[in-house]
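Remarks on the overall topology
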Amino acid sequence: MHIPDGILPITVSIAGYALTSGATWYSLKKINAQENPQESIPKAALLTAAFFVASWIHIPIPPTSVHLVLNGLLGVLLGYYAFPAILIGLFFQAVMFQHGGLTSLGVNAAMMGLPALFAYWIFQFRTKLNLTDSHFWTATFGFLGGAFGLGLAVLLSFTILVTTIPGNIDIATERTSITILTMAHIPLIILEGFLTSLVVVFLQRVKPDLLP
Amino acid sequence: MNKWKLIFILGFMTALISITPAFAHGAKIEYRINMSIEITASYDSGEPMAEAQVIIYAPNDLSNPWKTGTTDSEGRYSFIPDPLIPGTWDIQVRQAGHGDIIHIPVGEAINTSQSAGFSPFQTILMGVCVIWGFIGTALFFSRRKS
């Protein structure tokens, strides 16, 4: 999921940074437009910590293994805070554990952050359709947000990797292993959907004002 | 004439005898150090990178692969670098968009082994520090307004 240094051509890395700058600017503008922009920072900081740790939790799915991403969950719970939160989480993963990389930080942030915003918009349908009191609809939109957030990220990752295979390696083999890795994420997509759904229903019961 | 012939033959025989022991008892050992480099590639989960593609670049040509190969099921791959090309050999391992590149100096100063990464204790300590940073941020912004 995290693309490391030295995999992508420089043009893709630059495009990733450009996209990430734009999305960060847009998110910060939206955050600043809120009544009290600092109000959600504690929530965002704690979820950044969760995002940071999530990549250590490996789930074996033969023949490979995947790790939790939680970008959908962050999108659903944080709204526009999700993009900067993911960017910061990825930065620390890259500098501390070489999980991802600094040249690919822009690409990774766009790949996981933009779907997080998408997940937020999905979950916002709950408010727009006036379904905030229903546990069933909260769970459903939570599942959709979590699953689509990760699903879109996996799709983007697949597209980026498949279209940038360098000519010096065996293209067919690499394409097969990328496809296998992508397929292995399908159970994770469902799992993160359920996880997001559990978290939002729990918050709705105990502290509904934490939901956006 | 016969005398000269005899001397010639005797001289030749003497020469032959003096040489023969060298052929009969001399031992010769030639040596050449074929330093082979073995790499082991694994994911940070500890799982080996099995059947991953290996691309080796010699120090004198960094744009064209010197050799390519595939790791075994344990993520291992070994090769013998050309000793006539000293310098830093770059070995890239790649699978499904994941991978790394390692730089191995071959020549005068040789590191017999090298691994990138931290010990589990260091990793956990660093992780805890970062997490504490996030929690601290959360506590700072949720402090009671005075």
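On a predicted model such as this, the values are computed, not experimentally measured, just so you know.

Rules and cut-offs
Residues numbered from 1 in each chain as written. Chains lettered and ligands numbered in written order. Predicted model: local features only at pLDDT ≥ 70, side-chain atom pairs only at ≥ 80, totals over all residues. Helix = DSSP H or I, 4+ residues; strand = E, 2+ residues; numbered from the N terminus. Buried ≥ 20, exposed ≤ 12 C-beta atoms within 10 Å, placed from the backbone. Contact = placed C-beta atoms within 7 Å. Nonpolar A, V, L, I, M, F, W, Y, C, P; charged D, E, K, R; others polar. Pairing = 2+ DSSP bridges. Axes fitted to C-alpha atoms, helices over the stretch in contact; angles between N-to-C directions. Core = buried A, V, L, I, M, F, W, Y, C linked by C-beta atoms within 7 Å. pLDDT = per-residue confidence, 0-100. Expected span 1.5 Å × (residues − 1).

As for the overall build of chain B
Tallying secondary structure elements over chain B gives 2 helices and 6 strands in all. The secondary structure elements of chain B, listed N-terminal to C-terminal, are α-β-β-β-β-β-β-α. Taking all 146 residues of chain B together, 16% fall into the buried category. Considering only residue pairs separated by 6 or more positions, chain B has 49% of its internal contacts joining residues 24 or more positions apart.

Describing the interface of chain B and chain A
One frequent convention defines the size of an interface as the accessible area lost when the parts assemble. Taken together, the contacts link 24 residues of chain B with 29 residues of chain A. Broken down by secondary-structure element, the contributors of at least two residues to the side of chain B that touches chain A are β2 (53–57), β5 (87–95), β6 (98–106) and α2 (120–141) of chain B. The dominant element in the side of chain B that touches chain A, judged by the number of residues it contributes, is α2(B), at 9 residues. Here the residues of the side of chain B that touches chain A are counted per class, giving 11 nonpolar, 9 polar and 4 charged.

Focus on the sheet that holds β5(B)
Residues and elements named next belong to chain B. Within the open sheet, the 4 strands sit side by side as β3-β2-β5-β6. Their pairing is antiparallel. A strand with exactly one partner marks an edge of an open sheet, and here the two such strands are β3 (67–70) and β6. If you compare each strand with its neighbour and ignore which way they point, the axes differ by 20° on average. Bridge count between β2 and β3: 4 bridges; the pairing is antiparallel. Among the inter-strand pairings, Ile55 is bridged to a residue of β3, identified as Thr68.

Comments concerning the environment of A:Lys207
Residue and element names in this part refer to chain A. Residue placement: Lys207 occurs in the segment after α7 (171–206). The exposure class assigned to Lys207 is exposed, which follows from the 9 C-beta atoms found within 10 Å. Sequence separation of Lys207 and His67 is 140 residues, and the distance between their C-alpha atoms is 29 Å.

What about the nonpolar core?
Core analysis: the biggest nonpolar cluster contains 63 residues, and A:Leu74, A:Leu78, A:Ala82, A:Phe83, A:Ala85, A:Ile86 and A:Ala116 have the highest contact counts within it. Looking at this core, the elements that each hand over two or more residues are α2 (41–54), α3 (71–78), α4 (82–97), α5 (105–128), α6 (135–163) and α7 of chain A together with α2 of chain B. Broken down by element, this core gets its largest block of residues, 13 residues, from α5(A). Here A:Phe83 is in contact with A:Ala23, A:Thr24, A:Ser27, A:Gly113, A:Ala116 and A:Leu117, once residues within four sequence places are set aside. If you look at the next biggest cluster of nonpolar residues, it comprises 10 residues, including B:Met49, B:Ala52, B:Tyr57 and B:Val93.

Focus on the pairing of strand β2 (residues 64–67) of chain A
Residues and elements named next belong to chain A. Inspection of the sheet shows strand β1 (residues 58–61) paired to β2 by 4 bridges, in the antiparallel sense. Looking at β2, one finds that Ile61 is bridged to Thr64. Two successive antiparallel strands, β1 and β2, enclose a turn made up of 2 residues.

Focus on the pairing of β6(B)
Residues in a regular strand project their side chains so that they alternate between the two faces of the sheet. Residue and element names in this part refer to chain B. Pairing analysis gives 9 bridges linking β5 to β6, with the strands arranged antiparallel. Its bridge partner being in β6, Arg94 is matched across the sheet by Gly99. The loop that links β5 with its antiparallel partner β6 comprises 2 residues; one of these, Ala96, has a positive phi angle of about 50°.

Details of the confidence of the model for chain B
All names here are of chain B. Scored by pLDDT, chain B has a mean of 78; 78% of the residues are at 70 or more. When pLDDT is averaged over each element of chain B, α2 comes out on top at 90 and helix α1 (residues 2–25) at the bottom at 64. Two numbers describe this predicted complex: its pTM, 0.78, and its ipTM, 0.81.

Here's the deal with the environment of B:Glu51
Residues and elements named next belong to chain B. With respect to the element layout, Glu51 can be found in the loop between β1 (37–40) and β2. Residue classification places Glu51 among the partly exposed residues on the basis of 15 C-beta atoms within 10 Å. Spatially, the C-alpha atoms of Glu51 and Ser119 are 26 Å apart, while their sequence positions differ by 68 residues. Contacts of Glu51, omitting those with residues within four sequence positions, involve Thr70 and Thr71.

Remarks on α5(A)
All names here are of chain A. The terminal C-alpha atoms of α5, which comprises 24 residues, lie 34 Å apart, in line with the 34 Å expected from a rise of 1.5 Å per residue. Burial within α5 is extensive, with 18 of its 24 residues counted as buried. After α5 finishes, the residue Asn130 shows a positive phi value of roughly 60°.

Quick notes on unusual backbone geometry
Residue and element names in this part refer to chain B. Here the phi dihedral of Glu51 falls at roughly 55°; this positive angle occurs in a residue that is not glycine. Of note, Ala96 is a non-glycine position whose phi angle comes to about 50°, a positive value. Within the secondary structure, Ala96 sits in the loop between β5 and β6.

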